[in-house]
Structure formats: structure tokens, C-alpha cells
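# Architecture and fold: a report
Residue-level listing of the chains:
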Amino acid sequence: MQGQVYKIHSDFYYVKCENSDILECKLREVLKKQKQKIVVGDFVELENSNVISALLPRKNELIRPSVSNIDLAVVVSSLLEPKLDFIQLNRYLTFLKYHKIEALLCFNKEDLLKNPDFKELSQKIVSIYEPLGYKILFTSAKENQGFEEFKQAVKSKTIVLCGLSGVGKSSVINALDPNLNLKTKKVSSYTKRGVHTTRHSSILDFDTFRIIDTPGFSNLKFDFLLPKDLDELFSDIFEFAKECKYSDCLHIKNDEHSEDCCVLKNLDKIEQTRYESYVEFLSETLEYKKKVTYQGTKEEEFKKVSHGKDKVKINRIKRESSRNTKKQKIKDLYNLVGENDEY
Ligand SMILES: Nc1nc2c(ncn2[C@@H]2O[C@H](COP(=O)(O)OP(=O)(O)OP(=O)(O)O)[C@@H](O)[C@H]2O)c(=O)[nH]1
Ligand SMILES: [Mg+2]
Ligand SMILES: [Zn+2]
């Protein structure tokens, strides 16, 4: 029997089968040993209606949020509370582009902006993202505005809602079906951020589409990508980058090739927050490059020659630490508790 993982809670997997029953399942030991990660959205093979015995091939997958087999990602941002952050939005979009997942932009909390401000901001949004090929929606979950267009755009698709905590992902779902009554919570008046109300991803069935509600998260980093690979994820920058004289040009000021950089020469044609996003993500890819280059040279240091044979040195981190170091670590831990209680 086959089915799809709808929800995961600690060690339990809730799998929807062809007959629409949702079965509570455990993972087969061998899959655990192979460290096979099963995520919401995965199609799986079942044994005895309560054990997942195999993972079926994925169409696509996202690491954060950890979901698979998605047709469309709806990136939810709020226009206010929390204030729209273009760099964060570009972060999501660049990630989705990297994963080759189509994205739709939903700007929520439209009701909070007074008319002239809304007009100015919405025009800016459209002028940046329409030329990049994104479909844009403005919604108010509070006043139930903009959801007919939303339903049209997601028809017959499995969509995932991505966005920072507090932008209104669960509220958007509630507006689409008030009977669901998902838990939502006020943005903290102190930090102006969401308070991570949704803790687990889960698939919700609607008449003509399916939604995966996910917890909000913010710490996506481009610490897995090489600088060169970033170019093509920014089509508005790549348009000029492909004309740069040197193939390893980073398109930033003070770079060795900046004299001949076609991107820098055309900066007035690239939207400012888009270029700022590029530079910010580039610094993360450079960190990653430094790390892999360093690890490459470090490899040797993990070997030592003993009695004419190569032996692997035990990594400092894996070596048993002394009793004093352990005591100090516990002390530090006690000092930390209470200071950092954010999720
Ligand atoms: N004024 C206004 N407030 C909204 C709107 N949509 C959501 N909110 C409020 O924003 C707060 C956060 O909404 P949630 O739906 O919990 O946000 P979320 O994105 O699901 O947050 P996490 O589950 O933490 O990731 C709640 O107080 C909502 O009532 C809207 O369109 N207008
Ligand atoms: Mg939520
Ligand atoms: Zn360049």
C-alpha cells in the first residue's frame, strides 16, 4: 500500500492512503539506520498499515521548511507588522529558484496600510517583481480580501506557504476556510516579530488545492553555494553579469575585476534592494568557499604517519574533553539559560 505523509509528530508519521484514511505509522528500523529522512509531502510504501518501509522518488524537496513534492510555493510577506523586508523576500525567492520551485508572492495585511502609503508600496513591489516573472497578490486575512484570486492561482496544486513568523500564513489559511480555525498569535509588541505559533508542517486538503502550512523561519543562509552559482539565481543581475569580461568576476566594488564589470557599469538599471540582496548573499557564499577551500587543505592535518603507515588523527572536537573543560561548559550553559529563550 502507498500513501503520502501529511504530518509528523516526534516518531509518528501520519500517512494518507488512497482510500483517504489517515494511518499512524512508525518508520522501519532499517530506514532509521540508513538515516533516511522522511518529510511532509513524501510518498511512501506501507507495510501492515502501520510501518513505512520505503520512500518513493521525490519530485522536488525543500530543506527549510522540510517538505517535498510541491507544485508551487506561496511566499507570504506582510506589508506591515512585521514591516516588509525586501532582502528577506529575495532570500526566499532565491532559495526557491535554486530548488527549481515556482513561486507566487502574497503580500498580506493590506488593511494596515493607509491608501497613499499602500499605493506607493504596492507600485514599488509590482515594478520590482513583475518584470522578474512573479505573480503578485495582495491580501488581507483580517478583512477576507483577495482570496478569490488566490484560489484561482493555486487551483489543483499542492502549495507550501513560506514566510517569516507572524506574517499571517495560518491566518491566510483560516481566511480560505474558516472552519479550520488554525492557531494564530499576535506579533510580539516588543520584538515586532512573530512568536512561532505553528510548530509543525502539515498538509491541509481543500476542494480544489492542498496547502502545507509551515512554521515561520528566518535563518536561511547561502552557506552551501559557491559564489559563481549565485549569478544565475538573480536573472536581473545575470543579464549584465554574463557580459563581464572575467568569468570569476564577483560584480562588487573593490573586486580585482571591478574595472571591467558590466554589472557595476549598469547598477542604475538594477533595483537597489535586489543588488543589496545579491551582495549580502554573496558574502555568505564567499564564507562557504573559504570553508571548503580550508577544509581541502586541512584534510592532510587529520592524518599522521605512524610506523610508516597513515593513521587518522582523532578530531579535536571528537576527543574526550578534560574534566575541567566539562565543568566549565556546564557553568557556561547555566549562565546562558534564561537569556536565550527564543525558539
Ligand atoms: N491586520 C491584520 N492582521 C493580520 C492579518 N493576517 C494576520 N494577521 C495577524 O498577524 C498575527 C500573526 O498571524 P499568524 O497567522 O499567526 O502568522 P504565521 O505566519 O502563521 O506565524 P507562525 O505560525 O508563527 O509562522 C496574528 O495576530 C494575526 O491576527 C491581516 O491581514 N491583517
Ligand atoms: Mg502559523
Ligand atoms: Zn562583473
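Since the structure is predicted, the reported quantities are computational estimates derived from the model, not experimental observations.

## Overview of the overall build of the chain
- Counting secondary structure elements, the chain contains 10 helices and 15 strands.
- Here the chain, with 343 residues, has 27% of them falling under the buried criterion.
- A fraction of 62% describes how many contacts in the chain between residues 6 or more apart in sequence connect residues 24 or more apart.

## What about the pairing of strand β10 (residues 135–138)?
- Pairing of strand β9 (residues 103–108) with β10 involves 4 bridges; the strand directions are parallel. Each bridged residue has a counterpart across the sheet, and for phenylalanine 107 the counterpart in β10 is phenylalanine 138.
- For the handedness criterion, the β-α-β arrangement of β9, helix α3 (residues 115–129) and β10 is classed as right-handed.

## Side note on helix α2 (residues 86–98)
- For α2, built from 13 residues, the straight-helix expectation of 18 Å at 1.5 Å per residue is met to within 8% by its first-to-last C-alpha distance of 18 Å.
- Among the residues of α2, those classed as buried are Leu89, Asn90, Arg91, Tyr92, Leu93, Phe95 and Leu96.

## Considerations on the nonpolar core
- Ranked by size, the top nonpolar core spans 45 residues in total, and within it Ala73, Val75, Cys106, Ile159, Val160 and Leu161 carry the most contacts.
- It is α2 that contributes the most residues to this core, 5 residues altogether.
- Residues from two domains meet in this core; each of domain 1 (2–57) and domain 2 (67–213) gives at least three.
- Those residues in contact with valine 75 that lie beyond four places of it in its chain are Leu89, Tyr92, Leu93, Ala103, Leu105, Cys106, Cys162 and Gly163.
- Core analysis: the second largest hydrophobic core is formed by 12 residues, Phe234, Ala241, Cys249 and Val263 among them.

## Let's talk about unusual backbone geometry
- Note the cis peptide between glutamate 81 and proline 82, where omega equals -5°.
- Mapping proline 82 onto the fold places it in the loop between β8 (72–78) and α2.
- Even without being glycine, asparagine 48 reaches a positive phi, approximately 55°.
- Turning to its location among the elements, asparagine 48 is positioned in the loop between β4 (43–47) and β5 (51–55).

## So, the environment of lysine 291
- For lysine 291, the position within the fold is in helix α9 (residues 272–298).
- Sequence separation between lysine 291 and aspartate 223 is 68 residues; the distance between their C-alpha atoms is 9.4 Å.

## Digging into α3
- Between its terminal C-alpha atoms α3 stretches 21 Å, which fits the 21 Å expected from 15 residues at 1.5 Å a residue.
- Where α3 is concerned, the buried positions are Ile125, Ile128 and Tyr129. Taken around the axis of α3, the buried residues stretch over an arc of 80°, which confines them to a single face. Summarising the geometry of α3, the exposed residues directed more than 90 degrees from the buried face are Asn115, Pro116, Lys119, Glu120, Gln123 and Ser127.

## Quick look at the environment of phenylalanine 138
- Summarising the element assignment, phenylalanine 138 is placed in strand β10.
- Apart from residues no more than four positions distant in its own chain, phenylalanine 138 is found in contact with Phe107, Glu110, Ser122 and Gly146.

## Some remarks on the pairing of β9
- By the criterion of burial, β9 is predominantly enclosed, with 5 of the 6 residues buried.
- Judged from the 6 bridges that link them, β8 and β9 form a sheet pairing that is parallel. Within the sheet, the bridge partner assigned to valine 74 lies in β9 and is leucine 104.
- The parallel pair β8 and β9 is bridged by α2, and the resulting crossover is right-handed.

Conventions and cut-offs
Residues numbered from 1 in each chain as written. Chains lettered and ligands numbered in written order. Predicted model: local features only at pLDDT ≥ 70, side-chain atom pairs only at ≥ 80, totals over all residues. Helix = DSSP H or I, 4+ residues; strand = E, 2+ residues; numbered from the N terminus. Buried ≥ 20, exposed ≤ 12 C-beta atoms within 10 Å, placed from the backbone. Contact = placed C-beta atoms within 7 Å. Pairing = 2+ DSSP bridges. Right-handed = clockwise from strand over helix to strand, strands pointing away. Expected span 1.5 Å × (residues − 1). Core = buried A, V, L, I, M, F, W, Y, C linked by C-beta atoms within 7 Å. Domains from an automatic or database assignment. Arc of directions from axis to C-beta.

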